[in-house]
Amino acid sequence: MASRDLAVALAHNANTIGPDLCAPLREVRVVRPNSGKITARYGGTTGSHLPGFTAVYLEKTIAAYRARAASSAPAT
């Protein structure tokens with residue numbers, strides 16, 4: 001999903017959603033391919049690809065956070 005579309009869906013600032021989501025990805029060492037560019041394009045043109053996030057990499061980030069939380073949870 002393009003960053004600007006994701007920002008609209010989440011009622012988030014379109015100018016800050018990229019950095020706001022990239023920080024957690026970097027924290028758990030999830031790297032977006034293609035420098036964060038997705039296959040969508042501006043206005044359906046043949047120009048630049050849009051910056052965005054795929055479900056796969058957001059899922060990897062969530063899984064990494066869950067694994068980290070599980071490994072640091074105190075044993076009972």
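Criteria and thresholds
- Each chain has its residues counted from 1, running along the sequence as written.
- In keeping with the predicted nature of the model, local features appear solely for residues at pLDDT of at least 70, side-chain atom pairs appear and are counted solely at 80 or more, and the whole-chain, interface and lining totals rest on all residues.
- By convention in this description, side-chain values take in all heavy atoms of the structure and omit both hydrogens and water.
- Numbering goes from the N terminus for both helices and strands, where a helix is a DSSP run of H or I of at least four residues and a strand is a run of E of at least two.
- For every residue, the accessible area obtained with a 1.4 Å probe (protein chains only) is divided by the maximum for its type, and the residue is called buried under 20%, exposed over 50%, and partly exposed between those limits.
- In this description, contact between two residues means that some pair of their heavy atoms is separated by no more than 4.5 Å.
- Where accessible areas are quoted, they stem from the Shrake-Rupley method and a 1.4 Å probe; at the residue level, only the protein chains shown are allowed to cover.
- A score between 0 and 100, pLDDT records how confident the predictor is in each residue.
- Definition used for salt bridges: Asp or Glu carboxyl oxygen within 4 Å of a side-chain nitrogen of Lys or Arg.
- Remark: nonpolar core denotes a set of buried residues (Ala, Val, Leu, Ile, Met, Phe, Trp, Tyr, Cys) joined through side-chain atoms within 4.5 Å.

Draft legend 1. Up close: the overall build of the chain. Counting its regular elements, the chain contains 3 helices and 2 strands. Helices (α) and strands (β) of the chain occur, in sequence order from the N terminus, as α-α-β-β-α. Burial status across the chain gives 21% buried among its 76 residues. Sequence separation of at least 24 residues holds for 49% of the intrachain contacts in the chain that already meet a minimum separation of 6. Carbon and sulfur atoms form 59% of the exposed surface of the chain, whose accessible area is close to 5400 Å².

Draft legend 2. Region of interest: the confidence of the model for the chain. For the chain, per-residue confidence averages 85 on the pLDDT scale, and residues scoring 70 or more make up 88% of the total. The lowest-confidence element of the chain is strand β1 (residues 37-41), averaging 77 in pLDDT; the highest-confidence one is helix α3 (residues 55-72), averaging 91.

Draft legend 3. Quick peek at the pattern of salt bridges. Counted according to the given criterion, the structure contains 1 salt bridge. For R68, the salt bridge is made with E27, and the minimal N-O distance between the two is 2.8 Å. With R68 in helix α3 and E27 in helix α2 (residues 17-27), the pair connects residues that are 41 residues apart, well separated along the chain. According to the relative accessible area criterion, R68 is partly exposed, its value standing at 37%.

Draft legend 4. Up close: the nonpolar core. One finds L6, A7, I17, C22 and F53 forming the largest nonpolar core, which totals 5 residues. Contributing elements (two or more residues each) for this core: α1 (3-9) and α2.

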